Amino acid sequence: MTRRYAACVEYDGSAFSGWQTQLHDVRTVQETVEAALSRVANQEIAIVTAGRTDTGVHATHQVIHFDTDVERSEFAWCRGTNRFLDQDVRMNWVHESNLEFHARFGALSRSYRFVIYNAPIASALHRHHVTHEFRPLDIERMVRASRCLLGEHDFSAFRAAGCQAHSPVRTVTNLSLNAHGAWIWIDITANAFLQHMVRNIAGSLIEVGYGKRSADWLADVLESRDRKRAGVTAPPHGLYLVGVTYPSQFSLPSEKRSVAYWADN
């Protein structure tokens, strides 16, 4: 009998060429996890993900599903898979669901966190896990600018040229900015995201923060639907997929997993 399992994967994207398996010989998260699951199952396992992440992007709560007729307990799937994974990727939980569950199409929302280290000198320790900005950022200006992005909009101005989504319309249900010492983090939740959408929004907010753009500029950019009018794409290192939510009927752990690098200066 075919069973469907949902699982949560955490990974440091620094040494991966993104999530999706590629034709040329590069290391990806998908092929790494599939290889480990296949060793536990003693047969080929293919996985479906909630959302692909780019090269250098991290995840604390990436949700996948896979189908198999191999009988293993949830604990055995999780423990066994981690045994065959490198230290920069881990499976946090496995939950037997039903064939109606779909990691990608069943997701109600996805949440990302973008972490900025705002200091004159870049961090040696966190260089692969944060985006460094040496110019002082005014977080209050960034907050004012970000308010226009809440709700349902055409986000073409923040969409990568190669984005394959059928529609640029997305609904942002939460967007907040917080700071602690040199650390600034942007939290954003939406029903779905366009390619590079979070990084393009972050890059634009950074330009507002150091005074290159006014707080009102972002609303004009959004209305224009013109990618050329928005800010530069922020680097991938500070971006984390931190949560994916599903209908309660599937009884999946849905809490966001935190990302915390900051400390008192």
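Look a little higher up for the structure.
The structure displayed is predicted, hence computed values, not measured ones.

Asks: Run through the side chain of T49, naming residues and quoting values.
Replies: Looking at the element boundaries, T49 is found in strand 2 (residues 47-49). Of the polar contacts made by the side chain of T49, one reaches the backbone nitrogen of G51; its length is 3.4 Å. There is a polar contact of 3.0 Å between the side chain of T49 and the side chain of Q62. Those residues within four positions of T49 in sequence are excluded, and the remaining contacts are W19, Q62, V63, I64, A103 and R104.

Asks: Break down helix 3 (residues 139-146) for me, with residues and values.
Replies: Spacing of three or four residues puts side chains on the same side of an α-helix, whose turn is 3.6 residues. The set of residues buried in helix 3 consists of I139, M142, A145 and S146. The buried residues of helix 3 all sit within an arc of 120° when viewed along its axis, so they share a single face.

Asks: Describe in detail the packing of helix 1 (residues 29-41) against helix 2 (residues 74-83), supporting the description with residues and values.
Replies: Helix 2 packs onto helix 1 with a crossing angle of 120° between their chain directions and a minimal axis gap of 9 Å. Between helix 1 and helix 2, the crossing angle belongs to the class labelled oblique. Handedness of the crossing formed by helix 1 with helix 2: right-handed. Contact with helix 1, carried on its side by A36, L37, V40 and A41, involves A76, W77, G80 and T81 of helix 2 and no other residues of that element.

Asks: Any details on the pairing of strand 10 (residues 239-245)? Residues and values, ideally.
Replies: A large share of strand 10 lies buried, amounting to 6 of its 7 residues. Where strand 3 (residues 58-68) and strand 10 come together, 2 bridges link them in parallel fashion. By the bridge assignment for strand 10, H58 is matched with Y240. Bridge count for strand 5 (residues 109-118) against strand 10 is 6 bridges, and the pairing is antiparallel.

Asks: Summarise the packing of helix 3 against helix 4 (residues 197-209); cite the residues concerned and give the values.
Replies: Packing of helix 3 against helix 4 leaves a shortest axis separation of 8 Å and a crossing angle of 130°. One way to sum up the angle between helix 3 and helix 4 is to call them oblique. Judged by the twist between their axes, the crossing of helix 3 over helix 4 is right-handed. Residue-level contacts link R141, M142, A145 and S146 of helix 3 to L205, I206, V208 and G209 of helix 4. Class assignment of the residues belonging to the contact of helix 3 with helix 4 gives a composition of 5 nonpolar, 2 polar and 1 charged.

Calculation criteria
- Residues numbered from 1 in each chain as written.
- Predicted model: local features only at pLDDT ≥ 70, side-chain atom pairs only at ≥ 80, totals over all residues.
- Heavy atoms only, no water.
- Helix = DSSP H or I, 4+ residues; strand = E, 2+ residues; numbered from the N terminus.
- Polar contact = N/O pair within 3.5 Å; in protein donor to acceptor, adjacent residues only side chain to side chain.
- Contact = heavy atoms within 4.5 Å.
- Buried < 20%, exposed > 50% of the residue type's maximum accessible area, 1.4 Å probe, protein only.
- Arc of directions from axis to C-beta.
- Axes fitted to C-alpha atoms, helices over the stretch in contact; angles between N-to-C directions.
- Parallel < 35°, antiparallel > 145°, perpendicular 65-115°, else oblique.
- Left-handed = near helix turned anticlockwise from the far one by under 90°.
- Pairing = 2+ DSSP bridges.
- Nonpolar A, V, L, I, M, F, W, Y, C, P; charged D, E, K, R; others polar.

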